[in-house]
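As a plain string of letters, each chain reads:
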Amino acid sequence: KQEVTQIPAALSVPEGENLVLNCSFTDSAIYNLQWFRQDPGKGLTSLLLIQSSQREQTSGRLNASLDKSSGRSTLYIAASQPGDSATYLCAASPGQNFVFGPGTRLSVLP
Amino acid sequence: ETGVTQTPRHLVMGMTNKKSLKCEQHLGHNAMYWYKQSAKKPLELMFVYNFKEQTENNSVPSRFSPECPNSSHLFLHLHTLQPEDSALYLCASSPGGFGNIQYFGAGTRLSVL
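Here goes a summary of the coordinates provided.

Thresholds, definitions, all that
Residues numbered from 1 in each chain as written. Chains lettered and ligands numbered in written order. Predicted model: local features only at pLDDT ≥ 70, side-chain atom pairs only at ≥ 80, totals over all residues. Heavy atoms only, no water. Helix = DSSP H or I, 4+ residues; strand = E, 2+ residues; numbered from the N terminus. Buried < 20%, exposed > 50% of the residue type's maximum accessible area, 1.4 Å probe, protein only. Core = buried A, V, L, I, M, F, W, Y, C linked by side-chain atoms within 4.5 Å. Salt bridge = Lys/Arg side-chain N within 4 Å of Asp/Glu carboxyl O. Contact = heavy atoms within 4.5 Å. Buried area = accessible area lost by both parts, 1.4 Å probe. Nonpolar A, V, L, I, M, F, W, Y, C, P; charged D, E, K, R; others polar.

Residue A:Pro8 follows A:Ile7 across a cis peptide bond; omega there is -5 degrees. Positionally, A:Pro8 belongs in the loop between strand S1 (4–7) and strand S2 (10–14). Cis rather than trans, the peptide bond between B:Thr7 and B:Pro8 has omega equal to -10 degrees. Even without glycine at this site, B:Lys52 takes up a positive phi of about 75 degrees. Its place among the elements puts B:Lys52 in the loop between strand S5 (44–50) and strand S6 (53–57). Given the relative accessible area of 42%, B:Lys52 is considered partly exposed. Its identity as a non-glycine residue notwithstanding, B:Ser59 has a phi of 55 degrees, on the positive side. Mapping B:Ser59 onto the fold places it in the loop between S6 and strand S7 (64–70).

Encoded structure:
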């Protein structure tokens, strides 16, 4: 059974810092891995989707990498801004559905 | 705006009430999903529908009853819920098949008294 973990659980950084969020999954047999952002009390917004055959994906200040063999993915956020404050979720797809991690709660301080 | 709309946004119900959550997508997707997000727990998949047919039930209690009348609409009928069912219920849709991006609605915040 696929299990997804994320560290750290919470992170607080000053504005402008580069930061890395970590995601680990137990079963490397995945179709893809997706990173989401969730604002308090809101739904999920897809940030990046990495197919199992890919190593990384980039969108603006965000870069996500995938290492299936080690069961790890990282989300790199460059030059963080207060507007980046949210919970970041990673989800691994063993099939049609996704198995979600518990999330990392990020606070970027002005 | 993701193209997936959920109503109502907030719902308070007693344990003996019957209510329904609604989800609608205008993305032309063939698959729809219900997820439950409880405090301090990861998002949990509840049900999956493909082309209006239920293809996955993740051991959800029968007090939750899904309905998918067409590929654009998904309902979650609720009856005799328990206080521990209080959570954020999220609907998602995708083009179907494996490995596709899922688009989420804003969710319904449910409180069971």
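Here we take up the nonpolar core. Judged by nonpolar contacts, the single largest core of 23 residues is most densely connected at A:Phe25, A:Leu33, A:Trp35, A:Leu75, A:Ile77, A:Tyr88 and A:Leu106. Counting residues in each nonpolar core, the second largest holds 22 residues, with B:Met13, B:Cys68, B:Leu74 and B:Val112 among its members.

Before going further, it helps to examine the pattern of salt bridges. Side-chain pairs of opposite charge can arise where the charged atoms are in close proximity. Residues and elements named next belong to chain A. Scanning the entire structure with this criterion turns up 5 salt bridges over all chains. One salt bridge in this structure joins arginine 37 and aspartate 39, with 3.0 Å as the shortest N-O distance. You can call aspartate 39 partly exposed: its relative accessible area is 27%. One salt bridge connects aspartate 84 with arginine 61, and the closest N-O pair in it is separated by 2.8 Å. On the criterion of sequence distance, the pair formed by aspartate 84 in the loop between strand S8 (72–77) and strand S9 (86–93) and arginine 61 in the loop between strand S6 (56–59) and strand S7 (62–67) is long-range, its members being 23 residues apart.

Listed by partner, the interface residues are 24 residues for chain B and 20 residues for chain A. Taken together, both faces of the contact between chain B and chain A bury some 1,600 Å²; the carbon and sulfur share is 57%. In this structure, the connection of chain B to chain A is made through 0 salt bridges. Here the side of chain B that touches chain A gets 4 residues from one element, more than from any other, and that element is strand S4 (residues 31–37) of chain B. Here the residues of the side of chain B that touches chain A sort into 13 nonpolar, 8 polar and 3 charged.

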